[in-house]
Amino acid sequence: MQKIILVVLSVFISVASVAQDYVVDLDYYLPKDVSYNNSIPTPKSIIKHEVGEWHISHDKLAQYMYALADASDRITIENRGNTFEGRPLLLLTITSPSNQANIQNIRKEHLALTQKEGSSINTTNMPIIVQEGFSIHGNEPSGSNAALAVAYYLAAAQGPKIDELLKNVIILFDPSYNPDGLQRFSYWANTNKSQNINPDPNDREFSEVWPGGRTNHYWFDMNRDWLPAQLPESRARIKTFHKWMPNILTDHHEMGTNSSFFFQPGIPSRTHPLTPQQNQDLTGEIGTYHAKAFDKIGSFYYTEENFDDFYYGKGSTFPDVNGSIGILFEQASSRGHAQESDNGILTFPFTIRNQFTAALSTLEAAVVMRTKILDYQQKFYKDAFSEASNGGAIIFGDEKDPSKAYHLAEILQRHGITFHQVKNEFMSNGKKYTPNSSYIVPKNQRQHRLINAMFEKRTSFKDSLFYDVSAWTFPLAFNLDYDESISLSKAGPVIKDLKKTPATGPGNSQYAYLMEWHDYYTPKALAMILKKELIAKVGMSPFTSENTTYDYGTIMIPVKNQKLSPSEISEAILEIVAATNVKITAVTTGQTKGIDLGSSQFRPLEMPKVALLVGEGINPYDAGEIWHLFDTRYDMLITKLDVKNFQYMDISKYTDIILPSTWDNALDKEAAKKLKTWVQNGGTLIGYKNAGKWFKSNDLLEIDFKTSKDSATNISFEQRGNYRGAKVIGGAIFETKLDRSHPVAFGYKNTSLPMFRNSTLFMEADKNSYNNPIQYTANPLMSGYISKPNLEELASTVPFKKAGVGSGNVIYFTDNTNFRAFWYGTNKLLMNAIFFGDEM
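*Asks:* Just to check I follow, could you spell out the overall build of the chain for this structure?
*Replies:* When its secondary structure is counted, the chain shows 23 helices and 35 strands. The C-alpha radius of gyration of the chain comes to 29 Å, within 12% of the 28 Å expected for a compact globule of 840 residues. Each principal axis of the C-alpha atoms in the chain carries an extent, and together these give about 85 × 80 × 65 Å. Burial status across the chain gives 60% buried among its 840 residues. Summing over all exposed atoms, the chain offers an accessible surface of approximately 32900 Å²; the carbon and sulfur share of this is 47%. Computed over 84 positive and 90 negative side-chain charges, the separation of the two mean positions in the chain equals 4 Å.

Laid out in structure tokens, this is it:
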């Protein structure tokens, strides 16, 4: 009994000790070589707890930032917009009061460095611009919690050191890159916190519920969206970046609990070839300031391992192709308030202090290296102009789908890329480019290198390992026609105010209306038509009506036998055209060349009622992309069914259920039986990626996946990780050929389609060619990295399969057709499965 009491007492003392170590005051973080202004509010005075005592929620973070701006003449604050959940996207501009008084002139003079005439500007007395941003992954919270202490330091510190910093640096301070994710995670960590901090990794505090706080509202990893800029948070960041063109941008993250602290450079061989070597040299020199600062506080760190600088859609790499220096910080995560690790108990305040230290060491490096880094930015753009001096231009567009081309032009505009109207319609390499559906991008401009990064197709690489995707060629992602070598003489005026050319509404018809299925927003238009309970049919073959040719998949809306009167139908059609910008044509006769409008080759359509399986075991990124597509692009309801409650749900009301990429434990055998019965009764089940293996193992779909045997020869133990990594398809673009007569390919005007792939699921083609409407070509690689054995395996396989099961359908895609919201080119494949699945 005495021994038990002693053991219990020992544990109690140990836990109490952890709790005591965990409670720190602001002095734990702050440097001692300056004094602090008592009139500046401390974090605790506003948020009512010490930094690191609780996980900061975004509302309290914003409250403190506003309080600082009110109290300090060093700080101005602005709200640049809102997240999907309505939280403000704040930016603090922090510098000396004298710089604040002259801020617009400073910005104007700084931007001149990036212009053609800026190569002769003397940078001796110019301030350097540093953009510091925190916790783009909401469940990597030490960054945003450190932002409290960093902002306080910059507002309250006094003395020559801080005066020199604020005189020479303009700090663009974003305390939370991901407000929605930060709020979600802070709720989890705080509601699972014990009074006696429990560092046991098995505690619930360290196991977030699905989907976790990493992502934004629609479950996107926003640190992949710097280049596509599809999300409101990203667009605010990008606007700030291009408004200022900062010299350094920091991106504060977290990694595994058993790690230490990482700062860039990353692995040298994995730097994108368009990034100048001087960028990496300067990053390394800045790293010496981090090393010195971390040595001073006794924190371990490492560099030039694990992480890379290849994909320009990440926060630490995007600046590198814009004449800036991006710096990634990765702190071992406590994932709560304190957690056991290989390095001892990792407390939340310790992680915050490391992030605080890195933020300040960046500013110290900026002060000392100021002119060197400004001169680098100046030289970057001088060299870019020199590279671009040969001229020429790129054209992209789609004569049948102006919406996709418009959305790519939007991205270019967000990145400060100049582009023109097309002067007159013309043909190039067999493709037609028109003024209303195409854009011309001159190569000789300031953003020449960024243009190269967005449009290039790259298939040779120094390294075979990638932290993220190896290809993102934008015109391929949008499935647009494009030509990289046209004369600028074909260009019309520069487009300064990008606007869609409005579709003209049709006249009043007493017979029928026709809508070709090519435009990106035709699914939205069709959903609106069906929601109004109008009869609509899809044409299975091309035809010509009143001297206009209509392609496969044309939608026909008859006027007779509808619930609405002809005039009400006309009003509804005009409303739909105005809302979607999709062309709809009125016709006066059912007689055509081809299938007549009364033909049985026009198949009736019904309003789909779609559900999406979500929850533990489902890939939240893939699920979120589908939710986002339906909700924000097509304004279609989609019901999210949590797999944990699936057995209790009545699913008979749904016409379509989508299963994103999943793991084996997401759904059990009973769920498979339930889905099979539902399909047999007429439902359409659509699956992605690993869902195909689940379909196969549960007899929902017969799939012949290729299997390959591989053995490592002359590979050392040390090399084994690289050997395995080289066999992964991290993300590349491949060419497929289309059977345009198949309903899954309706709306595509070309017989080839670029598709994104980041899996090694190779599906054999069906013996009947008509069951292979999408098939990889014999030599499919268009852009990105794939190993030679994998390329051989992929050739002539198929990414799509459909089978009838009872009265319903099972449809399967080997890869994600909705990748990161910028793969506009393959979104329609899913919508075709939704609307036309019964006709496949």
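*Asks:* Looking at this structure, I do not really get the nonpolar core. What am I missing?
*Replies:* One broad trend across soluble globular proteins is that nonpolar side chains are buried collectively. Counting 216 residues, the largest nonpolar core has Phe-396 and Ile-658 as its most contacted members. Those residues within four positions of Ile-658 in sequence are excluded, and the remaining contacts are Val-610, Ala-611, Leu-612, Leu-613, Ile-626, Phe-630, Ile-638, Ile-686, Tyr-688, Leu-830 and Ile-834. With nine residues, the next largest nonpolar core counts Leu-514, Phe-543, Met-556 and Ile-595 among its residues.

*Asks:* Got a minute to help me understand the sheet that holds strand β24 (residues 585-587) in this structure?
*Replies:* Neighbouring strands of a sheet are bound in pairs by backbone hydrogen bonds; such pairs are parallel or else antiparallel. Taking strand neighbours across the sheet as the criterion, the five strands line up as β24-β19-β23-β20-β26 in an open arrangement whose pairing is antiparallel. Edge positions in the sheet fall to β24 and β26 (602-604), since each of these pairs with one other strand and no more. Within this sheet the neighbouring strands show an average axis-to-axis angle of 30 degrees, counted without direction. Packed on one face of the sheet, helix α16 (residues 522-531) meets β19 (512-515) and β23 (555-558) and runs near 155 degrees to β19.

*Asks:* What exactly am I supposed to notice about the pairing of strand β7 (residues 248-255) here?
*Replies:* Most of β7 is tucked away, with eight of its eight residues classed as buried. Burial of the side chains of β7 extends over both faces: Ile-248, Thr-250, His-252 and Glu-254 are buried on one face and Leu-249, Asp-251, His-253 and Met-255 on the other. Bridge count between strand β4 (residues 128-134) and β7: five bridges; the pairing is parallel. The residue bridging Gly-133 from the neighbouring strand is Asp-251, located in β7. Direction of pairing for β7 relative to strand β9 (residues 325-332): parallel, over a ladder of eight bridges. What sits directly across from Asp-251, in β9, is Leu-328.

*Asks:* Could you clarify how one ought to interpret the pattern of salt bridges in this entry?
*Replies:* When charged atoms on two side chains of opposite charge get close, those side chains can pair. With the rule as written, the count across this model stands at 33 salt bridges. With a shortest N-O distance of 2.8 Å, Arg-820 and Asp-468 are connected by a salt bridge. With a gap of 352 residues between them, Arg-820 in the loop between β35 (808-813) and α23 (824-836) and Asp-468 in the loop between α14 (448-455) and α15 (474-477) connect regions that are remote in the sequence. Take Arg-820 and Asp-468: they sit in the same class, and that class is buried. Here the salt bridges share partners, and the residues they tie into one network are Glu-140, Arg-214, Asp-221, Arg-224, Asp-468 and Arg-820.

*Asks:* I would appreciate a short explanation of helix α8 (residues 179-191) in the present structure.
*Replies:* Every α-helical turn comprises 3.6 residues, leaving residues that sit three or four positions apart pointing alike. Spanning 13 residues, α8 covers 18 Å between terminal C-alpha atoms, matching the ideal 18 Å at 1.5 Å per step. Burial of α8 is extensive: 10 of the 13 residues sit out of reach of the surface. All of the buried residues in α8 are Pro-179, Asp-180, Gly-181, Leu-182, Gln-183, Phe-185, Ser-186, Trp-188, Ala-189 and Asn-190. Turning to α8, the residues buried within the fold contact α3 (58-71), β3 (88-94), α6 (142-156) and α9 (232-244).

*Asks:* Mind showing me how you'd approach the packing of aromatic side chains here?
*Replies:* Two aromatic rings, taken as a pair, are described by how far apart their centres are and by the angle between their planes. Applying the stated criterion to the full structure yields 54 aromatic pairs. Ring centres of Phe-84 and Tyr-218 lie 4.7 Å apart, and the angle between their planes is 85 degrees; this geometry places the pair in the edge-to-face category. Taken together, the residues span a long stretch of sequence, with Phe-84 in the loop between β2 (75-82) and β3 and Tyr-218 in the loop between α8 and α9 at a distance of 134 residues. Exposure remark for Phe-84: the relative accessible area of 33% places this residue in the partly exposed category. Assessed through its relative accessible area of 6%, Tyr-218 is described here as buried. Ring pairs connect the aromatic residues Phe-310, Tyr-311, Tyr-312, Phe-461, Phe-466, Trp-472 and Tyr-785, which therefore count as one cluster. The ring of Trp-54 carries the charged tip of Lys-193 above its face, separated from the ring centre by 3.7 Å. Positioned over the ring face of Phe-426 is Lys-490, at 4.6 Å from the centre of the ring.

*Asks:* I would appreciate a short explanation of the packing of α6 against helix α11 (residues 348-368) in the present structure.
*Replies:* Each pair of packed helices can be described by the angle between their axes along with the distance between the axes. Closest axis-to-axis distance for the α6/α11 pair is 8 Å, and the angle between their directions is 55 degrees. One finds that α6 runs oblique with respect to α11. Judged by the sense of rotation from one axis to the other, the crossing of α6 with α11 is right-handed. Here Ser-142, Gly-143, Asn-145, Ala-146, Ala-149, Val-150, Tyr-153 and Leu-154 of α6 come into contact with α11, specifically with Phe-348, Thr-351, Ile-352, Gln-355, Phe-356, Ala-359, Leu-360 and Leu-363. The residue makeup of the contact of α6 with α11, split by class, is 11 nonpolar, five polar and no charged.

*Asks:* Explanation requested: the environment of Gly-326 in the structure shown.
*Replies:* The topology assignment puts Gly-326 in strand β9. Through-space distance from the C-alpha of Gly-326 to that of Thr-522 is 40 Å; in sequence the pair is 196 residues apart. Setting aside residues up to four positions removed in sequence, Gly-326 forms contacts with Leu-249, Gln-264, Ser-316, Pro-319 and Asp-320.

*Asks:* Where do I start with the sheet that holds strand β25 (residues 593-594) in this structure?
*Replies:* Spatially, the three strands line up as an open sheet ordered β22-β21-β25, and their pairing is antiparallel. Here the strands that pair on one side only, and so sit at the sheet edges, are β22 (548-550) and β25. Note: strand β21 (residues 543-545) against β22, three bridges, orientation antiparallel. Each bridged residue has a counterpart across the sheet, and for Thr-544 the counterpart in β22 is Thr-549.

*Asks:* So what exactly am I meant to see when it comes to the pairing of β4 here?
*Replies:* Taken residue by residue, a regular strand's side chains alternate between the two faces of the sheet. The element β4 is extensively covered by neighbouring structure, given that seven of its seven residues are classed as buried. Alignment of β4 against strand β6 (residues 169-174), held across six bridges, turns out to be parallel. Each bridged residue has a counterpart across the sheet, and for Val-130 the counterpart in β6 is Ile-171.

*Asks:* Looking at this model, I keep getting lost on the confidence of the model for the chain. Mind explaining?
*Replies:* Low pLDDT marks stretches whose predicted atomic positions should not be read closely. Taken as a whole, the chain shows an average pLDDT of 94; of its residues, 95% reach a score of 70 or greater. The low-confidence segment residues 1-20, where pLDDT is below 50, has six contacts with residues more than four positions distant or belonging to other chains.

*Asks:* Sorry, what's going on with the environment of Phe-185 here?
*Replies:* Among the secondary structure elements, Phe-185 is positioned in helix α8. A sequence separation of 288 residues divides Phe-185 from Thr-473, and the C-alpha atoms of the two residues are 34 Å apart. Residues within four places of Phe-185 in sequence aside, it is in contact with His-55, Gly-138, Asn-139, Pro-141, Glu-208, Gly-213 and Arg-335.

*Asks:* Looking at this model, I keep getting lost on the side chain of His-518. Mind explaining?
*Replies:* By secondary structure assignment, the location of His-518 is in the loop between β19 and α16. The class of His-518 is buried, set by a relative accessible area of 5%. Side chain to side chain, His-518 and Asp-551 meet in a polar contact 3.0 Å long. The contact partners of His-518, leaving out residues within four places of it in the chain, are Lys-400, Asp-401, Asp-551, Gly-747, Tyr-748, Lys-749 and Lys-828.

*Asks:* I tried to follow the packing of helix α10 (residues 277-297) against helix α12 (residues 370-387) on my own but got confused; where do I start?
*Replies:* The contact between α10 and α12 brings their axes to 11 Å, and the two run at 165 degrees. Judged by the inter-axis angle, α10 sits roughly antiparallel to α12. Here α10 runs over α12; the crossing is left-handed. Mapping the contact onto sequence places Gln-278, Asn-279, Leu-282, Glu-285 and Ile-286 in α10 and Lys-372, Ile-373, Tyr-376 and Lys-379 in α12. When the residues that make up the contact of α10 with α12 are grouped by side-chain class, the tally is four nonpolar, two polar and three charged.

Rules used throughout
Residues numbered from 1 in each chain as written. Predicted model: local features only at pLDDT ≥ 70, side-chain atom pairs only at ≥ 80, totals over all residues. Heavy atoms only, no water. Helix = DSSP H or I, 4+ residues; strand = E, 2+ residues; numbered from the N terminus. Rg over C-alpha atoms; globule rule 2.2 N^0.38 Å. Buried < 20%, exposed > 50% of the residue type's maximum accessible area, 1.4 Å probe, protein only. Areas by Shrake-Rupley, 256 points an atom, 1.4 Å probe, with all protein chains shown as cover. Lys, Arg positive; Asp, Glu negative; His and termini not counted. Charge placed at Lys NZ, Arg CZ, Asp CG, Glu CD. Core = buried A, V, L, I, M, F, W, Y, C linked by side-chain atoms within 4.5 Å. Contact = heavy atoms within 4.5 Å. Pairing = 2+ DSSP bridges. Axes fitted to C-alpha atoms, helices over the stretch in contact; angles between N-to-C directions. Salt bridge = Lys/Arg side-chain N within 4 Å of Asp/Glu carboxyl O. Expected span 1.5 Å × (residues − 1). Phe/Tyr/Trp six-rings, centres within 6.5 Å; stacked < 30°, edge-to-face > 60°. Lys NZ or Arg CZ within 6 Å of the ring centre and 35° of its normal. Parallel < 35°, antiparallel > 145°, perpendicular 65-115°, else oblique. Left-handed = near helix turned anticlockwise from the far one by under 90°. Nonpolar A, V, L, I, M, F, W, Y, C, P; charged D, E, K, R; others polar. pLDDT = per-residue confidence, 0-100. Polar contact = N/O pair within 3.5 Å; in protein donor to acceptor, adjacent residues only side chain to side chain.

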